[in-house]
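Fold and geometry: a report
As a plain string of letters, each chain reads:
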Amino acid sequence: MQNNITPEPNVPYTAAQAESYGDARGLLNALIAACSAKIGNTDATDEAARLQVEQRGYVDERRRLTVTDNTAVARILRDYPARLQAVRGEST
């Protein structure tokens with residue numbers, strides 16, 4: 001089981017950074033799950049392939065994300081809620 005906080009030896013971080021990081025990882029997890037659900041519910045091969053590529057991007061981003069990467073965390077929290085709604089087919 002993975003830790004919620006990516007270990008960065010000797011790099012201090014604040015409680016606020018840890019909370020934002022956890023929220024960003026949660027969003028990435030939700031996007032990964034939403035892509036999986038949509039892939040399972042589509043008969044269009046090209047759409048499934050596009051979603052698989054998108055999903056792999058989120059998995060890679062989650063793997064690289066660190067608790068002190070304030071820029072990436074802020075971008076995820078700003079931009080990905082709308083993307084999650086789009087993948088889920090929800091209106092804004």
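First things first, this report covers the structure right here in the doc. (Residues numbered from 1 in each chain as written. Predicted model: local features only at pLDDT ≥ 70, side-chain atom pairs only at ≥ 80, totals over all residues. Heavy atoms only, no water.)

1. As for the packing of helix α1 (residues 15-40) against helix α3 (residues 70-88)
As a reminder, the rule being used: Interaxial angles span 0 to 180 degrees and are taken between N-to-C directions of axes, which are lines fitted to C-alpha atoms, for helices over the stretch in contact. Runs of H or I in DSSP of at least four residues are treated as helices and runs of E of at least two as strands, each being numbered from the N terminus. Reported orientations rely on four angle classes, namely roughly parallel under 35 degrees, roughly antiparallel over 145, roughly perpendicular from 65 to 115, and oblique for the rest. Two helices cross in a left-handed way if the nearer one is turned anticlockwise from the farther one by less than a right angle. They cross in a right-handed way if the turn is clockwise. Any two residues whose heavy atoms approach within 4.5 Å are treated as being in contact.
Their axes nearest at 9 Å, the elements α1 and α3 cross at an angle of 30°. Considered as vectors, α1 and α3 are oriented roughly parallel to each other. Pair α1 / α3 crosses with left-handed handedness. Facing Gln17, Ser20, Tyr21, Asp23, Ala24, Leu27, Leu28, Ala30, Leu31, Ala34, Cys35 and Lys38 of α1, the residues of α3 in contact are Asn70, Val73, Ile76, Leu77, Tyr80, Pro81, Arg83, Leu84, Ala86, Val87 and Arg88.

2. A few points about the nonpolar core
Test applied: We call a set of buried Ala, Val, Leu, Ile, Met, Phe, Trp, Tyr and Cys residues a nonpolar core when their side-chain atoms join them within 4.5 Å. For every residue, the accessible area obtained with a 1.4 Å probe (protein chains only) is divided by the maximum for its type, and the residue is called buried under 20%, exposed over 50%, and partly exposed between those limits.
Counting 22 residues, the largest nonpolar core has Leu28, Leu31, Tyr58, Leu65, Ile76, Tyr80 and Leu84 as the members making the most contacts within it. It is α1 that contributes the most residues to this core, 11 residues altogether.

3. Some points on helix α2 (residues 45-64)
Owing to its 3.6 residues per turn, the α-helix aligns residues three or four sequence positions apart on the same side. The criterion, for reference: To estimate how far a helix should extend, the number of its residues minus one is multiplied by 1.5 Å. Picture the helix axis, draw a direction to every C-beta atom, and the arc is the one those directions span.
Its 20 residues place the ends of α2 29 Å apart at the C-alpha level, agreeing with the 28 Å of an ideal helix rising 1.5 Å per residue. Listed as buried for α2 are Ala48, Leu51, Glu54, Gln55, Tyr58 and Glu61. In an axial view of α2, the angular spread of the buried residues amounts to 140°, which keeps them on one side of the axis. Set apart from the buried face of α2 by more than 90 degrees, the exposed residues are Thr45, Asp46, Arg63 and Arg64. In this structure, the buried residues of α2 make contact with α1 and α3.

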